[in-house]
Amino acid sequence: MTRDTSSRQLWAASGVIFAAVVLLMMGLWQLVMGIVAVVRGSFFVVTQNYLYTFSTTGWGILHIILGALAALAGLALFTGATWARAVGIFFAVLSATANFFFIPYYPFWSLLEIAMAVFVIWALAVWRPRPESSMRSAPDDTGELHGTARMR
């Protein structure tokens, strides 16, 4: 493995743990935004002349469902399972899409959620866990031993 690829994998592997936490956090934030939209829809002010207009109650229900599922996907990522990565990417894409359409209701948080979703998608898509056989410490080019870590 080249140093460039190794460095990229290190960032991605570290990013998976971060992505799990961020996906969990995004899900909880979305859940709270959804509850606020359902309970107190007047909290969100819609900009005029926006192409997409939906009721805040509808958006609230959507955010509650997506938020809960994204939070569960974030928890599942701590297992390191391949299916959890696929589910995490799926819900990060759905979250980014829902927040894109929610921009006129709450621009700052929507853009923040989209940015975090993009990072989650990158980290989960780039990380390639090493097989068990390559988990043993092996000497590198300098003769030093280096162990590798893997999420389980």
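Here the structure is shown first, and the text comes after it.
Each value, and the rule that gives it
- Residues numbered from 1 in each chain as written.
- Predicted model: local features only at pLDDT ≥ 70, side-chain atom pairs only at ≥ 80, totals over all residues.
- Heavy atoms only, no water.
- Helix = DSSP H or I, 4+ residues; strand = E, 2+ residues; numbered from the N terminus.
- Buried < 20%, exposed > 50% of the residue type's maximum accessible area, 1.4 Å probe, protein only.
- Patch = residues over 30% accessible without salt bridge, like charges linked within 9 Å, V, L, I, M, F, W, Y side chains within 5 Å.
- Areas by Shrake-Rupley, 256 points an atom, 1.4 Å probe, with all protein chains shown as cover.
- Salt bridge = Lys/Arg side-chain N within 4 Å of Asp/Glu carboxyl O.
- Axes fitted to C-alpha atoms, helices over the stretch in contact; angles between N-to-C directions.
- Parallel < 35°, antiparallel > 145°, perpendicular 65-115°, else oblique.
- Left-handed = near helix turned anticlockwise from the far one by under 90°.
- Contact = heavy atoms within 4.5 Å.
- Nonpolar A, V, L, I, M, F, W, Y, C, P; charged D, E, K, R; others polar.
- Phe/Tyr/Trp six-rings, centres within 6.5 Å; stacked < 30°, edge-to-face > 60°.

*Asks:* I would appreciate a short explanation of the environment of Phe90 in the present structure.
*Replies:* Residue position: Phe90 is located in helix H3 (residues 82-101). On the basis of relative accessible area, Phe90 is assigned to the partly exposed category, the value being 49%. The sequence separation of Phe90 and Ala70 amounts to 20 residues, and the corresponding C-alpha distance is 9.0 Å.

*Asks:* Looking at this structure, how should I read a nonpolar patch on the surface?
*Replies:* A cluster of nonpolar side chains, namely Ile17, Val21, Ile35, Val38, Val39, Ile61, Ile65, Leu69, Leu72, Leu75 and Phe78, defines an oily patch on the protein surface of about 960 Å² accessible area. Counting only elements with at least two residues in the nonpolar patch, the list comes to helix H1 (3-39) and helix H2 (56-77).

*Asks:* Mind showing me how you'd approach the packing of H3 against helix H4 (residues 107-126) here?
*Replies:* In a pair of packed helices, the angle between the axes and the distance between the axes together describe the arrangement. Two elements in contact, H3 and H4, have axes whose closest approach is 9 Å; the angle formed by their N-to-C orientations is 155°. Regarding the angle of H3 to H4, the classification is roughly antiparallel. Crossing of H3 against H4: the hand is left-handed. Side by side, H3 and H4 meet where Arg85, Gly88, Ile89, Ala92, Val93, Ser95, Ala96, Asn99 and Phe100 of the first sit next to Ser110, Glu113, Ile114, Ala117, Val120, Ile121, Leu124 and Ala125 of the second. Here the contact of H3 with H4 is composed, by residue class, of 11 nonpolar, 4 polar and 2 charged.

*Asks:* What's the story with the packing of aromatic side chains in this structure? I'm lost.
*Replies:* Within a pair of aromatic rings, the relevant descriptors are the distance that separates the centres and the angle that separates the planes. Considering all chains together, one arrives at 6 aromatic pairs under this definition. Plain terms: the ring middles of Phe18 and Phe119 are 5.4 Å apart, the flat faces sit at 70° to each other, and that makes the pair edge-to-face. Placement of the pair is Phe18 in helix H1 and Phe119 in helix H4, with a sequence separation of 101 residues. Between Trp29 and Trp109 the ring centres are 5.2 Å apart and the planes differ by 70°, which places this aromatic pair in the edge-to-face class. Placement of the pair is Trp29 in helix H1 and Trp109 in helix H4, with a sequence separation of 80 residues. An aromatic cluster is built from Phe18, Phe119 and Trp122, whose rings are joined through pairwise contacts.

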